[in-house]
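# Summary of the model geometry
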Amino acid sequence: MLDSELTLMRAEIEALLPDTANILEVSRVSDGQGGYTDSWGTATGGTAVACRLDAAASAGISNFQGNEVMRGGAVQPYGRWVATLPYNTTITTDNRLEINTRTFNVIALDTNKSWQLNVRVILEQL
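Residues numbered from 1 in each chain as written. Predicted model: local features only at pLDDT ≥ 70, side-chain atom pairs only at ≥ 80, totals over all residues. Heavy atoms only, no water.

### Examining the overall build of the chain
The number of helices and strands found in the chain is 1 helix and 9 strands. Ordered by position from the N terminus, the helices and strands of the chain form the series α-β-β-β-β-β-β-β-β-β. Relative to its 126 residues, the chain shows a buried fraction of 32%. Once local pairs closer than 6 in sequence are excluded, the contacts in the chain between residues at least 24 apart make up 58%. Of the roughly 7800 Å² of accessible surface on the chain, 47% is carried by carbon and sulfur atoms. (Helix = DSSP H or I, 4+ residues; strand = E, 2+ residues; numbered from the N terminus. Buried < 20%, exposed > 50% of the residue type's maximum accessible area, 1.4 Å probe, protein only. Contact = heavy atoms within 4.5 Å. Areas by Shrake-Rupley, 256 points an atom, 1.4 Å probe, with all protein chains shown as cover.)

In structure tokens form, the structure reads like this:
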């Protein structure tokens, strides 16, 4: 594959990303008693990153569906989401994504690719 072809494919994919996301990172501040307080802020270079958000099942990632959590004394179902980001996006499972008014934990990265055309992350809404 030629570099020019790879560049063209990346540009085509990025043109199909209709939303924007902020990549959040945590900073921990001592509470003076041996613990700390988490504070989430936008990561360097993580503002208004182009993205697309899909339900995991519609993105072909069904093994992340069907989980439940306990909230407010009751079992609540939740689904997984997949975010597609530009190929050169720096993100890890230590980050969160803020898309529109929703915040998501990054729980896994899809790194099984021959050609790095985009970055896909599995998300769980907070």
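Additional details are given in the paragraphs that follow.
### Things to note about the nonpolar core
In terms of nonpolar packing, the biggest core is built from 16 residues, with L85, I91, L97, I99, V121 and L123 touching the most fellow members. Contributions of two or more residues to this core are made by β1 (19-30), β3 (49-55), β6 (80-86), β7 (96-99), β8 (102-110) and β9 (118-125). What L123 contacts, discounting residues up to four positions off in sequence, is L53, G79, R80, W81, A83, L97, I99, F104, N105, V106 and I107. (Core = buried A, V, L, I, M, F, W, Y, C linked by side-chain atoms within 4.5 Å.)

### A few points about the pairing of β1
In the sheet, β1 pairs with β3 via 3 bridges, with the strands oriented antiparallel. Following the sheet pairing, A21 is matched in β3 by V49. The sheet contact formed by β1 and β7 spans 4 bridges and is antiparallel. Residue pairing for β7: L24 is matched across the bridge by R96. Pairing geometry for β1 and strand β2 (residues 36-42), over 7 bridges, is antiparallel. Opposite E25, over in β2, you have G41 as the bridge partner. (Pairing = 2+ DSSP bridges.)

### Observations concerning the pattern of salt bridges
One pass over the full model with this rule turns up 3 salt bridges. Two residues, R28 and D38, come together in a salt bridge whose shortest N-O distance is 2.8 Å. Placement of the pair is R28 in strand β1 and D38 in strand β2, with a sequence separation of 10 residues. The closest approach of N and O atoms between E124 and R80, which form a salt bridge, is 3.1 Å. One end of the pair, E124, is in strand β9; the other, R80, is in strand β6, and 44 residues separate them in sequence. For E124, a relative accessible area of 18% corresponds to the buried category. (Salt bridge = Lys/Arg side-chain N within 4 Å of Asp/Glu carboxyl O.)

Note that every value here comes from positions in space, so none of it alone points to a role or purpose.
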